[in-house]
Amino acid sequence: MTKRASDVSVSPPRRRSKYILAPLVLIAANVVLFSLFFVWPAVLGLIYSFTNYTGVGAFQFVGLDNYHNLVGDSTFYDALTRTLLYAVLFVPLNFGLSLLAANLVVNKHAKGASVARVIFFIPWLLSPIVVGVLWRWLFGENFGLVNYVIEQFGGSAVPWQSNADLSLIVVVMAASWAWTGFSMLLFIAAIKNVPVSYYEAAALDGAGPWRQFISITLPSIAPTSFIVILLNTINAMKEYPVFVALNNGGPGTSNNLLVQYIYETGFKRGQIGYASAASFVLMLILMAVAIIQLIVNRRVENR
Amino acid sequence: MPRPADAGPGGTVSKSSKNSNKRSRGAAGGGIRRAVSATTLLWIMACLYGLPVLWFILSSLKPSSDLFSYPLTLVPRNPTLSGFKTAWESANFSQYFINTAIVCVITTIVTVGVSCCTGYALAKYDNRWLKAFFLCILATTMLPSEVMLAPEFLVVRNLGLYNSFAGIILPAVLTATGCFMFRQFFLTVPDELVEAARIDGARELSIFLRIMVPLSRPIMLTLAILSFQWRWNDYIWPLLMLNDPNKFTVQIGIQSIVGAQNINWSVLLGASVISMIPLILVFLVFQRYVMGADINAGLKD
């Protein structure tokens, strides 16, 4: 990439000594921000997770007590399992929908694809809070459009808000709907990069559209698929605003997810130390997700 | 779009027909069938994605007395803007709107500037410590701010930025996506351009300001749009940072209507739709930059 210049021009040692001030000035602002708002909080968070800090006053080191208590904390456990369940439902649904949308949009037979692409993309522009409000309006039990349509077709109103599992499913649908546009853009770019000759060769061999999709498109866009799955998993693990606006983690507290749990313990009950420990559990999960996907990705690419 | 059209799995050659005549006929017949099915599927899906927004916006045009009147009608019988008017006037919503606009614009300008400088340094200078810093920047994508809510809050409070716009703006400026986008762009700019300017006696920073910054205008625009969207839609960080209702942002305002004992749907719908307007406008104007954005791994606000 940038090898050319360094190969021809000045020798590396002189070059290095020559330009120190300029790059330093250029990155100075980001270095300060990085130290203040990333390194400092990260270190502080790790330290606090071993204390009983409440946000004000003195605190004591309590060793691994916070982590020990988390294991036996049924509220934390519920939030964790609910978050994992949410991710397990959201990631494949979003993956499928956005892949389908991308394929339809690039399909030469589909009419009006450029308009449809904008329609798919608009939900991504809406804030998570507005997405929550919008789906709350659609899925209201007594007044929502969805129940109204169900009743028009002779069904009975579905308890979208008062049944914990149904209200989780509504959030899964809302979030998938909102994130489709973004994942779709990534898929469109990847699909466009698949060499046309592959499809021509497959067509000559008599492969149908479905067969071509399975044997050519899917393997060719594998790296993008991994990025989409990775980003969506991380997004799912830290979801909060959609829940808050759609059903406020309800009914009751049954759909309180991890970030909401961290927020409530840390800021509503002032247990900063305990909340920090919960944060680090979340961080470990995110890192595990990233590492697993990196390994799988490498294995697939080497095959 | 010539490429995607060709890339579409459109071969409908049957295994038996090797005859070119037959093949073209088969393709034509299959083409029409496939066109119908692909278009139908596309538009069924587009309706599923578009209808919720359409229903939401049309509902916001109904007078509050009509909101719950059966039978539900898609198009308002007596359309009115009173919902917007009440929302705008009640609960300081216009103030929230201005606050959010200030925060978004400042954050966006600073983010673009800082990311451009960093991205250029990472692309055009090779020092060992620059490479190390690049890894540091990438590390921030691994640790989303949601994970560090409590300690980050305490740091910003210790800096004396609690309950100020600066407390929302400054932590948001550090973005791996921005640095990464600019780095990728500057890597594609030939080094010869920098070398030639050096030979002409230009100094490092003026090369950056006079040559590189103007070149990167499309990336600036793309990141500006993304950054504006992130900040406009941000909820949890402003919620933590602000306790003065006069400084609230739009999203907090909307959520406070949702959190009320009895939701005033007329106000809520009006407020929500108003909050959508700036982003929809920005998107419609700059659509091609968003759609063509070279968004890649590590995308995070």
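**Student:** Any chance you could break down the interface of chain A and chain B for me, citing the residues and the numbers?
**Tutor:** Opposite the 108 residues of chain A that make contact, chain B presents 112 residues. Per-residue buried area on chain A facing chain B is highest for A:Leu26, A:Phe37 and A:Trp137; these three make up 8% of the total on that side. The interface formed by chain A and chain B includes 1 salt bridge. Its salt-bridge partner being A:Lys238, residue B:Glu146 comes within 3.8 Å of it at the nearest N-O pair. Counting across the chain A and chain B interface gives 13 residue pairs in polar contact (both at pLDDT 80 or more).

**Student:** Now, about the side chain of A:Ser49: what can you tell me, with residues and values included?
**Tutor:** Residues and elements named next belong to chain A. Assignment of secondary structure puts serine 49 in the loop between helix H3 (21-48) and helix H4 (65-72). A polar atom in the side chain of serine 49 sits 2.7 Å from the backbone oxygen of leucine 46. Here serine 49 is in contact with Gly63, Asn66, Tyr67, Gly273, Ser276, Ala277 and Phe280, once residues within four sequence places are set aside.

**Student:** Outline helix H10 (residues 204-215) of chain B, supporting the account with residue identities and numerical values.
**Tutor:** Spanning 12 residues, H10(B) covers 16 Å between terminal C-alpha atoms, matching the ideal 16 Å at 1.5 Å per step. Of all the residues in H10(B), the buried ones are B:Glu204, B:Ile207, B:Phe208 and B:Met212. Projected onto a plane normal to the axis of H10(B), the buried residues spread over an arc of 95 degrees and lie on a single side. In H10(B), those exposed residues whose orientation departs by more than 90 degrees from the buried face are B:Leu209 and B:Arg210. In this fold, the buried residues of H10(B) make contact with H3 of chain A together with helix H4 (93-124), helix H8 (176-188) and helix H9 (191-199) of chain B.

**Student:** Kindly report on the packing of aromatic side chains, identifying the contributing residues and their values.
**Tutor:** Throughout the structure, instances matching the rule amount to 41 aromatic pairs over all chains. Look at A:Phe34 and B:Phe133: their rings are 5.8 Å apart centre to centre, the planes differ by 85 degrees, and that puts the pair in the edge-to-face class. Of this pair, A:Phe34 sits in helix H3 while B:Phe133 sits in helix H5 (residues 128-142), each in a different chain. Of the two residues, A:Phe34 and B:Phe133, both sit in the buried class. Taken together through their ring pairs, the aromatic side chains of A:Tyr19, B:Tyr120, B:Tyr125, B:Phe182, B:Phe185, B:Phe186 and B:Phe208 make up a single cluster. Directly above the aromatic system of B:Phe134 lies the positively charged group of B:Arg183, at a separation of 4.2 Å from the ring centroid. Just above the ring of A:Tyr19 sits the side chain of B:Arg198; from NZ or CZ to the centre is 4.0 Å.

**Student:** Report on the nonpolar core, specifying residues and quantitative values.
**Tutor:** Ranked by size, the top nonpolar core spans 186 residues in total, and within it A:Tyr86, A:Phe120, A:Trp135 and B:Ile254 carry the most contacts. If you tally residues by element for this core, the top one is helix H9 (residues 164-192) of chain A, at 16 residues. If sequence neighbours within four positions are ignored, B:Ile254 has contacts with A:Ile129, A:Val130, A:Val133, B:Phe93, B:Leu268, B:Ala271, B:Ser272 and B:Ser275.

**Student:** For the state of the cysteines, give the residues involved together with the corresponding values.
**Tutor:** A covalent bond between the sulfur atoms of two cysteines is what we call a disulfide. Residue and element names in this part refer to chain B. The full count for this structure, using the stated rule, is 0 disulfides over all chains. We note that cysteine 179 lacks a disulfide partner, and the nearest cysteine sulfur, in cysteine 117, lies 9.8 Å from it. Taking the relative accessible area as the measure of exposure, cysteine 179 reaches 0% and is therefore buried.

**Student:** I'd like a rundown of the environment of A:Gly270, residues and numbers included.
**Tutor:** All names here are of chain A. By secondary structure assignment, the location of glycine 270 is in the loop between helix H14 (258-268) and helix H15 (272-302). It is 10 Å that separates the C-alpha atoms of glycine 270 and asparagine 52, two residues lying 218 residues apart in sequence. When neighbours within four sequence positions are excluded, glycine 270 is seen to be in contact with Tyr53, Thr54 and Thr265.

Conventions adopted
- Residues numbered from 1 in each chain as written.
- Chains lettered and ligands numbered in written order.
- Predicted model: local features only at pLDDT ≥ 70, side-chain atom pairs only at ≥ 80, totals over all residues.
- Heavy atoms only, no water.
- Contact = heavy atoms within 4.5 Å.
- Buried area = accessible area lost by both parts, 1.4 Å probe.
- Salt bridge = Lys/Arg side-chain N within 4 Å of Asp/Glu carboxyl O.
- Polar contact = N/O pair within 3.5 Å; in protein donor to acceptor, adjacent residues only side chain to side chain.
- Helix = DSSP H or I, 4+ residues; strand = E, 2+ residues; numbered from the N terminus.
- Expected span 1.5 Å × (residues − 1).
- Buried < 20%, exposed > 50% of the residue type's maximum accessible area, 1.4 Å probe, protein only.
- Arc of directions from axis to C-beta.
- Phe/Tyr/Trp six-rings, centres within 6.5 Å; stacked < 30°, edge-to-face > 60°.
- Lys NZ or Arg CZ within 6 Å of the ring centre and 35° of its normal.
- Core = buried A, V, L, I, M, F, W, Y, C linked by side-chain atoms within 4.5 Å.
- Disulfide = S-S within 2.5 Å.

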